[in-house]
Amino acid sequence: AQSVTQPDIHITVSEGASLELRCNYSYGATPYLFWYVQSPGQGLQLLLKYFSGDTLVQGIKGFEAEFKRSQSSFNLRKPSVHWSDAAEYFCALAAYYNTDKLIFGTGTRLQVFP
Amino acid sequence: DAGVTQSPTHLIKTRGQHVTLRCSPISGHKSVSWYQQVLGQGPQFIFQYYEKEERGRGNFPDRFSARQFPNYSSELNVNALLLGDSALYLCASSLSTGWQETQYFGPGTRLLVL
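This structure is a prediction, so every number in the text was calculated from the model and none was measured.

**Quick word on the nonpolar core**
Within soluble globular proteins, side chains that are nonpolar tend to cluster in buried spots.
Turning to step 1, where the next piece is worked out: In terms of nonpolar packing, the biggest core is built from 29 residues, with Trp 35, Leu 48, Phe 74, Leu 76 and Tyr 89 of chain A touching the most fellow members.
Turning to step 2, where the next piece is worked out: Apart from the residues lying within four places of it in its own chain, the contact partners of Leu 76 of chain A are Leu 19, Glu 20, Leu 21, Trp 35, Leu 47, Leu 48, Phe 63, Glu 64, Ala 65 and Tyr 89 of chain A.

**As for the environment of His 10 of chain B**
Residue and element names in this part refer to chain B.
Turning to step 1, where the next piece is worked out: By secondary structure assignment, the location of His 10 is in strand β2 (residues 10-13).
Turning to step 2, where the next piece is worked out: For His 10, a relative accessible area of 57% puts it in the exposed group.
Turning to step 3, where the next piece is worked out: Distance in space between the C-alpha atoms of His 10 and Gln 103 is 23 Å, their sequence separation being 93 residues.
Turning to step 4, where the next piece is worked out: At a separation of 3.2 Å, a polar atom in the side chain of His 10 contacts the side chain of Thr 9.

**Focus on the side chain of Ser 31 of chain B**
Turning to step 1, where the next piece is worked out: The residue Ser 31 of chain B is located in strand β4 (residues 31-37) in this model.
Turning to step 2, where the next piece is worked out: For Ser 31 of chain B, a relative accessible area of 1% gives the class buried.
Turning to step 3, where the next piece is worked out: Of the polar contacts made by the side chain of Ser 31 of chain B, one reaches the side chain of Gln 48 of chain B; its length is 2.9 Å.
Turning to step 4, where the next piece is worked out: Ignoring anything within four residues of it in the chain, the contact list for Ser 31 of chain B reads Asp 100 of chain A together with Gln 48, Tyr 49, Tyr 50, Gln 68, Ala 92, Ser 93, Ser 94, Leu 95, Ser 96 and Thr 97 of chain B.

**Some points on the packing of aromatic side chains**
Two numbers describe a pair of aromatic rings. These are the distance of the centres and the angle of the planes.
Turning to step 1, where the next piece is worked out: In total, this model carries 16 aromatic pairs over all chains according to the counting rule given.
Turning to step 2, where the next piece is worked out: The structure contains a cluster of three or more aromatic residues connected by ring pairs, namely Tyr 32, Phe 34, Tyr 36, Phe 51, Phe 90 and Phe 104 of chain A together with Tyr 35, Phe 45 and Phe 105 of chain B.

**Observations regarding unusual backbone geometry**
Residues and elements named next belong to chain B.
Turning to step 1, where the next piece is worked out: The omega torsion across Ser 7 and Pro 8 is -10°, close enough to zero to call that bond cis.
Turning to step 2, where the next piece is worked out: Summarising the element assignment, Pro 8 is placed in the loop between β1 (5-7) and β2.
Turning to step 3, where the next piece is worked out: Look at Glu 51: it is not a glycine, yet its phi comes out positive at around 50°.
Turning to step 4, where the next piece is worked out: Phi at Ala 80 takes a positive value of approximately 45°, unusual for a residue other than glycine.

Analysis parameters
- Residues numbered from 1 in each chain as written.
- Chains lettered and ligands numbered in written order.
- Predicted model: local features only at pLDDT ≥ 70, side-chain atom pairs only at ≥ 80, totals over all residues.
- Heavy atoms only, no water.
- Core = buried A, V, L, I, M, F, W, Y, C linked by side-chain atoms within 4.5 Å.
- Buried < 20%, exposed > 50% of the residue type's maximum accessible area, 1.4 Å probe, protein only.
- Contact = heavy atoms within 4.5 Å.
- Helix = DSSP H or I, 4+ residues; strand = E, 2+ residues; numbered from the N terminus.
- Polar contact = N/O pair within 3.5 Å; in protein donor to acceptor, adjacent residues only side chain to side chain.
- Phe/Tyr/Trp six-rings, centres within 6.5 Å; stacked < 30°, edge-to-face > 60°.

Function cannot be inferred from these measures alone, as they are strictly geometric.
This is the structure in structure tokens:
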């Protein structure tokens, strides 16, 4: 079965510290993977996506993610967190048989302390 | 350019009532998808419509229905509301189908069922 797991429900970091949000997936073929961010009262905004090729993907707002097939992981990273990065982050997997359905993880809430 | 718009922003209904949620995609986008996001969870896929035809349906009861109009806007209808239908309903649009197309999400409609 296709699924996405985000093991960390809540993460707290200090401003300027590095960040890594974990994402593990279960899928029988090469996955299409995404990271979205959701700020309070906002919709989801795409940070980055992985389809194939280079396993290190660069996104917006200074985020990057690395696809590791051997670990079934697609972790999101940022070298230096800003207070404005406080939000909910969702990892998602595309179930692309005949729809554009996205399967989301349960999210990780990021809190940033000054 | 305007992003994906949804109306209303908030809605309160009682059990057994019916609700209609509306979504206007980004101009030129022909695909619309609907997601339900229960508090503390990731979004769950409900429907996708492309060129006014249903392309996918998630694991939701028949009380949920949707349609897409000639101008590509969409409605999500929920009959016989239950308390468990309380959630944020998100609409996403994309130019076409397929994972090369980025899905853009609206801010959502927050539905509370009493």
